[in-house]
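Summary of structural features
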Amino acid sequence: MAKLTKKQKTLAELDSEKLYTVDEAIATLRTHKSKFDETVEVAMNLGVDPRHADQMVRGMVSLPSGTGKDVRVAVFAKGDNAEKALAAGADKVGAEDLMEDMQAGNLDYDRVIATPDMMGVVGRLGKVLGPKGLMPNPKLGTVTPNVEQAVKDAKGGQVEFRVEKMGIIHSGIGKLSFKDEDIKANFKALTDAIVKAKPSGAKGKYVKKISLTSTMGPGLKVDLSEVEGA
């Protein structure tokens, strides 16, 4: 039998059933950190079945402390709007040329934004952008005449959350190098937004379980009393 590493031993010693406060969870993750700056992630198990339209949970939230990562943004716009998007920090701006580039497989973006007049072009990318969750959507603010603000929001810490097939939402809320209060502020912003996004079709208990983890760290169960409305 292979010998456990020191880190594997300490992970094995954690009580998998313990409920942590957010402070305790952050402190525990810090004691198990790796040599690189890990991402801190939240997983929320919700009492919904996203196969039903009235139980879908999806939205945008601005994390007050930012995400700690460089968000790559592509914008479909022309003329004055294209210039504004570039000035706001967009990584790639275009129209038909950008569509062809994406069809060729160049999809290294975290967010795709479009002005309403460009949706005829963007619509042809449904099969390409849809599976990656990158299709611009008016409800998420990614189809907008104000591309300048949309780019600034994306670059400044705005994240999208979307429930997966099993009723779970996963989202990064910063880096382990962040101060405790910054991670906590982001945790609160995300969980508040998900609680507020409770769909009309959700029956019974909405928030079933919350856990906090880091890229290489353990998954720690967070006490539901830490989240307002859970």
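Calculation notes
- Note on numbering: residues in each chain are counted from 1, in written sequence order.
- Only residues with pLDDT of at least 70 are given local features in this predicted model, and only at 80 or more are side-chain atom pairs given and counted; all residues enter the totals for whole chains, interfaces and linings.
- Based on all heavy atoms of the structure, the side-chain values leave hydrogens and waters out of the count.
- Only DSSP runs of H or I with at least four residues qualify as helices, and only runs of E with at least two residues qualify as strands; both kinds are numbered from the N terminus onward.
- Only the protein chains shown count as cover for residues, with accessible areas throughout obtained via the Shrake-Rupley method and a probe of 1.4 Å.
- Within this scheme the basic residues Lys and Arg register as positive and the acidic residues Asp and Glu register as negative, but His and the chain ends are omitted.
- Where a charge lies is defined by one atom per residue type: Lys uses NZ, Arg uses CZ, Asp uses CG and Glu uses CD.
- Strands are labelled as partners when DSSP assigns at least two bridges between them.
- For this analysis, residues touch if any pair of their heavy atoms sits within 4.5 Å.
- Every axis corresponds to a line fitted to the C-alpha atoms, with the helix fit spanning only the stretch in contact, and the corresponding angles, defined between N-to-C directions, vary from 0 to 180 degrees.
- Within 3.5 Å is the distance limit for a polar contact, defined as a pair of N or O atoms, with the added protein rule that one can donate a hydrogen and the other accept it, and that residues adjacent in sequence qualify only through two side-chain atoms.
- Residues grouped as a nonpolar core are buried Ala, Val, Leu, Ile, Met, Phe, Trp, Tyr and Cys residues, joined through side-chain atoms within 4.5 Å.
- The cut-offs for exposure are 20% and 50% of the maximum accessible area for each residue type, with area from a 1.4 Å probe on protein chains only; residues under the lower value are buried, those over the upper are exposed, and the others partly exposed.

**Some remarks on the overall build of the protein chain**
Tallying secondary structure elements over the protein chain gives eight helices and 10 strands in all. As displayed, the protein chain has an accessible area near 12,200 Å², and 50% of this comes from carbon and sulfur atoms. Taking the 35 positively charged and 32 negatively charged side chains of the protein chain as two groups, their mean positions are separated by 5 Å.

**Considering the sheet that holds strand S10 (residues 220-222)**
Taken together, the five strands give an open sheet; going across it, the order is S1-S10-S9-S2-S8, and neighbouring strands pair in mixed fashion. Each of the sheet's edge strands pairs with one partner strand only, and the pair in question is strand S1 (19-20) and strand S8 (168-175). In terms of strand pairing, S1 meets S10 through two bridges, oriented parallel. Counted as the bridge partner of Tyr20 is Val222 from S10. Of the strands in this sheet, S1, strand S2 (39-46), strand S9 (207-214) and S10 touch helix H2 (residues 22-31), which is tilted by about 30° from S9.

**Things to note about the side chain of Thr142**
For Thr142, the location among the structural elements is in the loop between helix H6 (126-129) and helix H7 (147-155). Separated by 2.7 Å, the side chain of Thr142 and the backbone nitrogen of Asn137 make a polar contact. Beyond its immediate sequence surroundings of up to four residues, Thr142 is in contact with Met60, Arg111, Val112, Ile113, Ala114, Met135, Pro136 and Asn137.

**Things to note about the nonpolar core**
By size, the foremost hydrophobic cluster in this structure holds 36 residues, and its most contacted members are Leu46, Phe187, Ile210 and Leu212. Of all the secondary-structure elements, those providing two or more residues to this core are H2, S2, strand S7 (158-162), S8, helix H8 (180-196), S9 and S10. Per-element accounting of this core gives the leading share, seven residues, to H8. What Phe187 contacts, discounting residues up to four positions off in sequence, is Val22, Val42, Ile173, Ile210, Leu212, Val222 and Val227. With 16 residues, the next largest nonpolar core counts Phe76, Met102, Leu107 and Leu129 among its residues.

**What to know about the sheet that holds strand S4 (residues 73-76)**
Sheet architecture is open: three strands sit in the order S5-S4-S6, paired in parallel fashion. The open sheet has two edge strands with one neighbour each: strand S5 (92-94) and strand S6 (111-114). Geometrically, the sheet is characterised by an average inter-axis angle of 15° between neighbouring strands, direction not taken into account. Sheet analysis places S4 next to S6, joined by four bridges and oriented parallel. Looking at S6, one finds that Ala74 is bridged to Val112.

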